[in-house]
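Structural features, examined
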Amino acid sequence: AKEEGRNTFCFFSPEISTATLGDLLLENDLFGALDRQELLMYYQPKVDAGSGEVVGAEALIRWQHHERGLVSPEQFIRLAEENGLINAIGEWAIRNVCAQQRAWLDAGLLVVPVAVNISALQFAQQDLPNMLAHVLADYGLPPQLIELELTESLLMRNSARAALVLDRLRKMHVQVALDDFGTGYSSLSYLRQFPLHALKIDRSFVSQIDENGEPVRLASAIIAMAHELDLVVIAEGVENEVQANYLAAHGCDHFQGYFYGRPQAVEDFGKLLAGRRLG
Ligand code: C2E
Ligand code: CA
Ligand code: CA
Ligand code: CA
């Protein structure tokens, strides 16, 4: 698959004309990033709104570039989608998280479910349930320990197929959250057709909650309607107590954000899990 990707890298493709030189250099390097084992996962905790306990984590990919240091996914996921590497990177992400969960389990830690982000293109091109089933089997991992985060645009692109894929995932006991809710165009009732477990309120709504105490009606409406659809509601990008209190008062179930913990290196998240065991 990598050779295929290399062959499609062409200076005359339409995307290239809008790309910056930096993008091109980075894209070139991305082909070797997997081989050189330069990709890694950071883990950001999700906490329960009531108890404050860690109830899960989101795996966030990073690229430790040999010259540029830590490159953010915002800089290379799009490139990977354009050159076809996204499938290999997407599979690496799931495999890496499963291997890590296995290692934590073997170390006797009290693990939590870890969510992996799935790109729209990867979702469209891969047989995700099949790949995931193989990786879970390889590591003898309970399916409840891996969750997926998908965006609305991904579901809307081919909603009939998406519903079938989500149905298969549900039968496998793999939970799926809708990511970045509120940034797309779909209505909550449209989401009824998909077997989803949770909904993540996008950071852009959470950041509107400030000291002025003005109600952020959209945030509270999303929570109420999501609960009617039996969805767990997770707020992303919670940065302060004011936001946490507002969201908790409106029934938000789980929080994720700098206020509770930054995305952290695997060793640090391991220590957090170890602390859970003692406490
Ligand atoms: P996302 O899925 O919406 O992930 C949340 C982003 O918000 C992360 O950025 C996270 O570090 C950041 N964040 C978390 N809490 C806070 C907060 O309190 N304040 C602020 N300002 N930011 C916060 P990150 O890690 O740079 O990831 C960016 C995006 O890249 C992700 O957005 C996701 O769409 C994508 N991504 C990350 N990892 C993967 C991956 O393994 N596969 C795919 N396909 N996409 C990924
Ligand atoms: Ca996400
Ligand atoms: Ca998100
Ligand atoms: Ca977001």
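The following refers to the structure shown.

All right, on to the overall build of the chain then. Per the secondary structure count, the chain includes 13 helices and nine strands. In terms of overall size, the chain behaves like a compact globule, its C-alpha atoms giving a radius of gyration of 19 Å where 279 residues would be expected to give roughly 19 Å. The dimensions of the chain, computed from C-alpha atoms along their principal axes, are 55 × 45 × 40 Å. When the accessible surface of the chain is split by element, carbon and sulfur atoms take 51% of a total near 13700 Å².

This paragraph deals with the coordination of the calcium ion (ligand 2). For the calcium ion (ligand 2), the protein coordination sphere consists of E58 (OE), N117 (OD1), E149 (OE) and D179 (OD), at 2.2 to 2.3 Å. Sequence positions of the residues that donate to the calcium ion (ligand 2) give the spacing E-x58-N-x31-E-x29-D. Metal-to-metal, the separation of the calcium ion (ligand 2) and the calcium ion (ligand 3) is 3.6 Å; D179 coordinates the two. Of the two residues, N117 is situated in strand β4 (residues 114-117) and D179 in strand β6 (residues 175-181); the sequence distance between them amounts to 62 residues. Judged by relative accessible area, N117 falls into the partly exposed class, the value being 30%.

Our next topic: the packing of aromatic side chains. One pass over the structure, following the stated rule, counts seven aromatic pairs. Pairing F259 with Y260 gives two aromatic rings, centres 5.0 Å apart and planes at 80°, and the pair type is edge-to-face. Looking at F259, the relative accessible area reads 38%, which means it is partly exposed. Site record: aromatic cluster; members linked through ring pairs are Y43, W104 and F269. One cation-aromatic arrangement involves R161 over F123; the distance from NZ or CZ to the ring centre is 5.5 Å. Taking the ring centre of Y258 as reference, the NZ or CZ of R262 above it sits at 3.7 Å.

This part covers the nonpolar core. Among the nonpolar cores identified, the biggest contains 80 residues, and I94, L148 and L155 are the most heavily contacted of them. The leading source of residues in this core is helix α5 (residues 86-106), at seven residues. Once residues within four sequence positions are removed from consideration, L155 is found in contact with L150, A162, L166, L178, L191, F194 and L196.

With that out of the way, let us pick up the coordination of the calcium ion (ligand 4). On the protein side, the calcium ion (ligand 4) has D180 (OD), D202 (OD) and E236 (OE) as donor atoms, found 2.3 to 2.7 Å from it. Between the two metal centres, the calcium ion (ligand 4) and the calcium ion (ligand 3), the spacing is 3.3 Å, with D180 acting as a shared donor. With a gap of 56 residues between them, D180 in strand β6 and E236 in the loop between β8 (232-235) and α12 (241-249) connect regions that are remote in the sequence.

Here we come to the side chain of E27. Of note, E27 is situated in helix α3 (residues 21-33). Here E27 sits buried without a salt bridge, and the closest side chain of opposite charge, R78, lies 7.9 Å off (N-O distance). One polar contact links E27 to N83, side chain to side chain, over a distance of 3.1 Å.

This part covers the pattern of salt bridges. A complete count under the given rule lists ten salt bridges for this structure. The partner of E58 in a salt bridge is K200, with the nearest N and O atoms 3.0 Å apart. A residue pair is termed long-range when its members are at least 10 positions apart, and E58 in strand β2 (residues 54-65) and K200 in strand β7 (residues 198-201) qualify at 142 residues. The pair E58 / K200 is uniform in exposure class, with both members buried. For D138, the salt bridge goes to R95, with nearest N and O atoms at 3.1 Å. One end of the pair, D138, is in helix α7 (residues 128-139); the other, R95, is in helix α5, with 43 residues separating them in the sequence. Salt bridges here are not isolated pairs; linked through shared partners, they connect K46, E58, E149 and K200.

Let's shift gears to the site of ligand 1. Around ligand 1 lies a shell of 21 residues, among which Q44, R62, R203, E239 and Y258 are the nearest. Take Q44: an N or O atom from its side chain is 3.0 Å from a nitrogen atom of ligand 1. D180 has a polar side-chain atom sitting 3.2 Å from an oxygen atom of ligand 1. Out of a free accessible area of 800 Å², ligand 1 has 85% covered by protein chains. Within the residue set of the shell around ligand 1, elements represented by two or more residues are β1 (39-48), β2, α4 (73-83) and β6. Here the shell around ligand 1 gets four residues from one element, more than from any other, and that element is β2. Classifying every residue of the shell around ligand 1 gives eight nonpolar, five polar and eight charged.

Reading guide: rules and limits
- Residues numbered from 1 in each chain as written.
- Chains lettered and ligands numbered in written order.
- Predicted model: local features only at pLDDT ≥ 70, side-chain atom pairs only at ≥ 80, totals over all residues.
- Heavy atoms only, no water.
- Helix = DSSP H or I, 4+ residues; strand = E, 2+ residues; numbered from the N terminus.
- Rg over C-alpha atoms; globule rule 2.2 N^0.38 Å.
- Areas by Shrake-Rupley, 256 points an atom, 1.4 Å probe, with all protein chains shown as cover.
- Donors = N, O, S within 2.8 Å, 3.2 Å for Na, K, Ca; no water.
- Buried < 20%, exposed > 50% of the residue type's maximum accessible area, 1.4 Å probe, protein only.
- Phe/Tyr/Trp six-rings, centres within 6.5 Å; stacked < 30°, edge-to-face > 60°.
- Lys NZ or Arg CZ within 6 Å of the ring centre and 35° of its normal.
- Core = buried A, V, L, I, M, F, W, Y, C linked by side-chain atoms within 4.5 Å.
- Contact = heavy atoms within 4.5 Å.
- Lys, Arg positive; Asp, Glu negative; His and termini not counted.
- Salt bridge = Lys/Arg side-chain N within 4 Å of Asp/Glu carboxyl O.
- Polar contact = N/O pair within 3.5 Å; in protein donor to acceptor, adjacent residues only side chain to side chain.
- Near = heavy atom within 4 Å.
- Nonpolar A, V, L, I, M, F, W, Y, C, P; charged D, E, K, R; others polar.

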